[in-house]
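Fold and contact review
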Amino acid sequence: MKAWKITELGSVDVMKFVDDFPIPEMNSTDILVKNKAVGSNPIDFKARTSGPGEASEDNPRIVGWDAAGVVEQVGSDVVGFSVGDEVYYAGNIMRQLGSYAEFTAVDYRIVGKKPKSLSWAEASTIPLVAITAWETMKEDMCVEEGSEILIINGAGGLGCMAIQLAKQLGLTVIATASRQETVAFCKKMGADHVITHREPLAPQLKKLGYAKGVRYVFHCHEVGNELGELMKSVVGPLGKLSLTFAPKDEGAIGTIDTIDMWFNRKSYLSTMMFARPVTGINPEKQGALLNTVADMIDAGKITHAVTKTMNFEEAKEVMELQASGTTIGKIAMTL
């Protein structure tokens, strides 16, 4: 099969395009998907660079997790899927062979039926960000209707999905963006207010009427030693902060004023959408989640955020775009 394999971790140059990679072996709970399109995410180049997982000549790695395609085979313990079904999925980061390939074996419990109203390219960009945003706001934050949420990096792939789902959950959405085009994109996705992350956030929130901070903060980008100030001045009383990535600075956690956090009953949460498939704890919830999201998309409640579609053979260029930190919305690759 066609695939982008790596035999060592490193720069984009470690990626090698081949057309004779073996089709993945299946577990009894797997379905084999013939990918029609692959969605790109920052985790793709991060995993290529530093893992998790290893890569060698004897045990090559295929990165990428988002995709949409057609079921080619089903395992003996698979329920609810048949050959020919149109599906989309975000996979499991700890499996050696991901979605930058013509075929991917994936546990049926974390797979959803593709939204009928979307193209293959559009559908391929939905699963990872939809699962991340849903699990963060519904399961971890347990957001309350009528409250407010600050979404940092609102024009990114995750941020634009978070904006849409937050509106569906009845929240006032404040997004951050720093360029004219990203501000406009956040508003297009449904943000009620847009502020800039190039300037201190607390004074801007005060001007919007949130002098004590906001109830929820969903950080959809990397955070460093500014974490303490974020927790103290931006997260309000009884508030919750969720980080998509572990802090990039080693001492970031130490900047948090734990007395202020305790006294104001603030919470710090970690977002990791691969946790269910990796740990095996109720992975079927992700398949059900994706089916719910597909229904919402087909009902016109939320939509995709694809701003660029490229060919599968251009995966290196796609990764370079992701690493630049300047992309808006989502990038898809068609096979």
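Structure report, in brief. This structure is a prediction, so every number in the text was calculated from the model and none was measured.

Focus: the packing of helix α4 (residues 157-168) against helix α5 (residues 180-189)
Here α4 crosses α5 at 35 degrees, and the two axes come no closer than 9 Å. Where α4 crosses over α5, the two elements pack in a sense that is right-handed. Counted together, Cys160, Ile163 and Gln164 of α4 and Phe185, Cys186 and Met189 of α5 form the full contact between these two elements. Counted by class, the contact of α4 with α5 contains five nonpolar, one polar and no charged residues.

Focus: α4
The first and last C-alpha atoms of α4 sit 18 Å apart over twelve residues, in line with the 16 Å expected at 1.5 Å per residue. Of all twelve residues in α4, ten are buried; the element is thus mostly enclosed. All of the buried residues in α4 are Gly157, Leu158, Gly159, Cys160, Met161, Ala162, Ile163, Gln164, Leu165 and Ala166. Backbone geometry just downstream of α4 places Gly170 in the positive-phi region, at approximately 80 degrees.

What about unusual backbone geometry?
Cis geometry marks the peptide bond from Gly51 to Pro52, where omega comes out at 15 degrees. Position of Pro52 relative to the elements: it lies in the loop between α1 (42-50) and β4 (66-74). Even without glycine at this site, Cys142 takes up a positive phi of about 50 degrees. Look at Asn153: it is not a glycine, yet its phi comes out positive at around 75 degrees. A relative accessible area of 22% means that Asn153 is categorised as partly exposed.

Some words on the environment of Ala332
With respect to the helices and strands, Ala332 occurs in strand β15 (residues 330-334). Taking the C-alpha atoms as reference points, Ala332 and Trp120, 212 residues apart in sequence, are found 9.0 Å from one another.

Thoughts on the sheet that holds strand β10 (residues 193-195)
Here we have six strands laid out as an open sheet, ordered β10-β9-β8-β11-β12-β13, and parallel in their pairing. Looking at strand neighbours, the two that pair on one side only are β10 and β13 (267-270), the edges of this open sheet. Each adjacent strand pair in this sheet contributes to an overall mean axis angle of 20 degrees, direction not counted. Taken together, the four bridges between strand β8 (residues 148-152) and strand β11 (residues 214-219) define a ladder with parallel strand orientation. Bridging from a neighbouring strand, Leu150 pairs with Val217 of β11. Along the sheet, helix α3 (residues 127-140) contacts β8, β11, β12 (235-243) and β13; its crossing angle with β11, the most-contacted strand, is approximately 150 degrees. Of the strands in this sheet, β8, β9 (172-176) and β11 are in contact with α4, which crosses β8 at around 170 degrees.

Focus: the side chain of Asn92
As for its placement among the helices and strands, Asn92 is situated in the loop between β5 (86-89) and β6 (103-107). Judged by relative accessible area, Asn92 falls into the buried class, the value being 14%. Engagement of the side chain of Asn92 in a polar contact is seen with the backbone nitrogen of Met94, the distance being 2.9 Å. Setting aside chain neighbours within four positions, we find Asn92 in contact with Trp65, Ile110, Phe274, Pro277 and Val278.

Some thoughts on the pattern of salt bridges
Counted by the stated rule, this structure contains eleven salt bridges. Here Lys34 and Glu102 are joined by a salt bridge, their closest N and O atoms 3.0 Å apart. Placement of the pair is Lys34 in strand β3 (residues 30-39) and Glu102 in the loop between β5 and β6, with a sequence separation of 68 residues. Between Arg215 and Glu144 there is a salt bridge whose closest N-O contact spans 3.6 Å. Note that Arg215 is positioned in strand β11 and Glu144 in the loop between α3 and β8, a separation of 71 residues in sequence. Residue Glu144 is classed as partly exposed on the basis of its relative accessible area, which comes to 43%. Linked through salt bridges whose partners overlap, the residues forming this network are Glu135, Glu139 and Arg276.

Rules used in this analysis
- Residues numbered from 1 in each chain as written.
- Predicted model: local features only at pLDDT ≥ 70, side-chain atom pairs only at ≥ 80, totals over all residues.
- Heavy atoms only, no water.
- Axes fitted to C-alpha atoms, helices over the stretch in contact; angles between N-to-C directions.
- Helix = DSSP H or I, 4+ residues; strand = E, 2+ residues; numbered from the N terminus.
- Left-handed = near helix turned anticlockwise from the far one by under 90°.
- Contact = heavy atoms within 4.5 Å.
- Nonpolar A, V, L, I, M, F, W, Y, C, P; charged D, E, K, R; others polar.
- Expected span 1.5 Å × (residues − 1).
- Buried < 20%, exposed > 50% of the residue type's maximum accessible area, 1.4 Å probe, protein only.
- Pairing = 2+ DSSP bridges.
- Polar contact = N/O pair within 3.5 Å; in protein donor to acceptor, adjacent residues only side chain to side chain.
- Salt bridge = Lys/Arg side-chain N within 4 Å of Asp/Glu carboxyl O.

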